[in-house]
Amino acid sequence: MIVGTIDQYNHAFPHAPLNLSFSGDGFSLRTQGNGKVVRIVGHNERGALYGAFEYLSRLAQGTLSSNVDYTTSPSAPIRWTNEWDNMDGSIERGYAGNSIFFENGAVLANLSRVTQYARLLASIRVNAVVVNNVNADPATLESNNINGLGRIADAFRPYGIQLGLSPYFASPVNISGLPTYDPLDSRVIAFWQNKTDEIYKRIPDMAGYLVKASSEGQPGPLDYNRTLAQAANLFAKAVKPYGGLVMYRGFIYDATYDKADWTADRAKGAVDYFNGLDGKFDDNVVVQIKYGPVDFQVREPASPLFSHLPSTSMALEVEVSQEYLGQQCHLAYLPPLWKTVTDFDLRINGTSSRVRDIITNKRFKHPSRLGGSAAVVNVGQNSTWLGSHLAMSNLYAYGRLAWNWESDETEILQDWVRLTFGRRDPHLMNTITQMSLASWPAYENYTGNLGTMTITDIYTHFGPNPQRRESKTSGTWLRADEKSIGMDRTVWNGTGPGTGFARQYPDEVYQMYEDLENTPDNLLLWFHHVPYTRRLHSGETVVQHFYNAHYSGAQTAADFVRMWQSLHGSADLDEERYQEVLFRQVFQAGHALVWRDAIVNWLHNVSGIPDDLGRVGHH
Ligand code: GCU
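All figures in this text were calculated on a predicted structure; none of them were measured in a lab.

Visitor: How should the overall build of the protein be read in this particular structure?
Guide: The secondary structure content of the protein amounts to 18 helices and 16 strands. Taken over C-alpha atoms, the radius of gyration comes to 25 Å for the protein, in line with the 25 Å a tight globule of 619 residues would show. Along the longest, intermediate and shortest principal axes, the C-alpha atoms of the protein span 80 × 65 × 50 Å. Here the protein holds 619 residues, and 51% of them are scored as buried. Look at the contacts in the protein between residues 6 or more apart in sequence, and 69% of them connect residues 24 or more apart.

Shown next, in the form of structure tokens:
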């Protein structure tokens, strides 16, 4: 067996040099003689490591019997995770126990879980991890924590994983006692350069900064009437000498909106704030954009911001953490949801502009060649990492997709099943495949349909609470009155103005969403305010669709229990995992009934329209 980089290989075998066409962290894996002769060659060291993991994966899946000759390269250099861990050991939107990084305001003494996590992430080709919450604590970057962060970076390094950090924008005030954090103030610039130098002294391969600023109450450049680009470039200049990156988040919106104003709309925020800034970012800045314009909902149109920054590097942000999607207590296999966005064609200038081609830099060919994706992941001290065995398919799939967004989500899932459970029992393979592929559609069915988003409680983001969403100044209303429902995001609906959000898309997409007839059913109520009795393309009325979808989604969740029970005693499933997953599936089935009854009864109350099938409103 040979494992090494291409340079090492060609140095060792100067008379038979290899000429492989790969790039970035790519590698080549070749086996001959029924797997007895193995050659793993990486474009760089990371690639050699990834090749070794690929070999192990194929070995475990039993696919090495025929000769392999496989060369692959990543679609993009940025394949990061973002952990929202707090210094006190809690995790924002964490559902799997406490932090593996921090405790009591400092880095943990024992980082053995961090080493395991690094190995896990390297096996799915993730190459950097931002370890602290985007709602950053100024204490993270204080001098007494830098050695601890360095120890995390040391644990990551053998696995080709770089550490990234979220800075608190007002740190010049909080840490240094300066009177300002204005990004153009020379003292502020000096503060960030010194702080960055201090970090790189301990962590020479630090990946860079992930910045949340002027969003949801966080301090930021808008406090000084500076632009987002001026803020991003402040950090970009500080990390530039070290080859570092700045991931500048696009998740920016006003905190409150007035429901009486029919043009108020949180979804418009990001494009408005980035208006006029394309081309103004330094070349080591990447704008990191959530898949949808609001916030990790069960269904959203692709964020229009992807179409507004042709001269800026961009990355996609997804969530492995199931914040709005059942918080790891519900099964929801998310790649099909992510692909509704990555496969979406924004038709910029009337030409093919799929989101996946934008984030991998194929569409705009930015000279920096940057681009890629980040996943918010909430692993914790729980021995299953995510608090749920089946939720791990999302983390595995994220790595595979970040490498190549064109990969097939069913193949990825089945590789994961073989690697996680085994390959002896085809019934187990079929059952977990069926459950996983049915899970996101089921969740959408028993939560929010037709583009109303996930109608969760607006604080906990778990469980139904449609009325709380209606009464708040949240800017993402259902606007369900006695006759009609949906948020009118058109420019002009025929009789009056909507929020105008649809106009943020390039012409062809704008025309589709502006037009009630052409808007796909699954986003109808995202873009339009329509009578409950309006007929969908499917033939159902809006209200009857809600009733039917809720009953059918809850039924699917109930079916999952029976499907899982049919796996008891499988050769690929131990009793412990059988029981732990069963517990969650029973919970999900029950919670799906809570969802169903809460939403159908609420809808019946507001609309007064009974269910055609007599399940609601005929008491
Ligand atoms: C969501 C989430 C917050 C998080 C924010 C973000 O709103 O609920 O906890 O801070 O996204 O992505 O910054």
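Visitor: Is there a simple way to explain the UniProt feature "domain: Glycosyl hydrolase family 67 catalytic" (unreviewed entry) in the protein in this structure?
Guide: The positions UniProt marks with the feature "domain: Glycosyl hydrolase family 67 catalytic" (unreviewed entry) are residues 59-385. Strand forms 14% of residues 59-385 and helix 25%; the C-alpha atoms that close the span are 24 Å apart.

Visitor: Looking at this structure, I do not really get helix H12 (residues 409-420). What am I missing?
Guide: Structural remark: α-helix, 3.6 residues per turn; residues separated by three or four positions point the same way. In this model H12 runs 16 Å from its N-terminal to its C-terminal C-alpha over twelve residues, within 8% of the 16 Å that 1.5 Å per residue would give. Of the residues making up H12, those classed as buried are Glu409, Ile412, Leu413, Asp415, Trp416 and Val417. In this fold, the buried residues of H12 make contact with helix H2 (45-61), helix H9 (335-342), helix H11 (392-403) and helix H13 (426-446). Directly after H12, the chain includes Gly422, whose backbone phi takes a positive value near 135 degrees.

Visitor: Is there a simple way to explain the UniProt feature "domain: Alpha glucuronidase N-terminal" (unreviewed entry) in the protein in this structure?
Guide: In the numbering used here, UniProt assigns the "domain: Alpha glucuronidase N-terminal" (unreviewed entry) feature to residues 2-55. Along residues 2-55, the helical share is 33% and the strand share 30%, with 12 Å between the first and last C-alpha atoms.

Visitor: Even after reading the chapter, I still don't get the environment of Trp416, so can you show me in this structure?
Guide: With respect to the secondary-structure elements, Trp416 resides in helix H12. Since 22 C-beta atoms lie within 10 Å of it, Trp416 is described here as buried. Placed 29 residues apart in sequence, Trp416 and Asn445 show a C-alpha to C-alpha distance of 26 Å. Contact partners of Trp416, with chain neighbours within four places excluded, come to Ser393, Tyr396 and Ala397.

Visitor: What is the right way to read the site of the ligand from this model?
Guide: Around the ligand lies a shell formed by Glu92, Arg93, Val134, Asn135, Lys212, Phe251, Asp295 and Glu323. In terms of residue class, the shell around the ligand is made up of two nonpolar, one polar and five charged.

Visitor: Can you walk me through the domain arrangement of the protein in this structure?
Guide: It is common to give the size of an interface as the accessible area that goes away when the parts come together. Domain boundaries in the protein define domain 1 (2-72), domain 2 (78-419) and domain 3 (466-487 + 529-607). In this structure, domain 1 and domain 2 have C-alpha centres spaced 31 Å apart. Taken together, the nine residues of domain 1 in the interface contact eight residues of domain 2.

Basis of the calculations
Sequence order sets the numbering: in each chain, residues are counted from 1 along the sequence as written. Thresholds applied to this predicted model are a pLDDT of at least 70 for local features of residues and 80 or more for the giving and counting of side-chain atom pairs; totals over whole chains, interfaces and linings are not thresholded and use all residues. Comment: elements are numbered from the N terminus, with helices defined as DSSP H or I runs of at least four residues and strands as E runs of at least two. Our radius of gyration is a C-alpha quantity, and the globule rule it is checked against amounts to 2.2 Å times the number of residues to the power 0.38. Counts of 20 or more other C-beta atoms within 10 Å of a residue's own C-beta define buried residues, counts of 12 or fewer define exposed ones, and intermediate counts define partly exposed ones; C-beta atoms are placed from the backbone. Remark: residues whose backbone-derived C-beta atoms lie within 7 Å of one another are considered to be in contact. UniProt positions are given in the numbering used here, feature names are shortened, and annotations may be inferred rather than shown by experiment. A helix's residues, less one, multiplied by 1.5 Å, set its expected span. Here, nearness means that the C-beta atom of a residue, built from backbone geometry, sits within 6 Å of the molecule or strand in question. The classification used treats Ala, Val, Leu, Ile, Met, Phe, Trp, Tyr, Cys and Pro as nonpolar, Asp, Glu, Lys and Arg as charged, and all other residues, Gly among them, as polar. Domain extents, as shown, originate in an automatic or database domain assignment.

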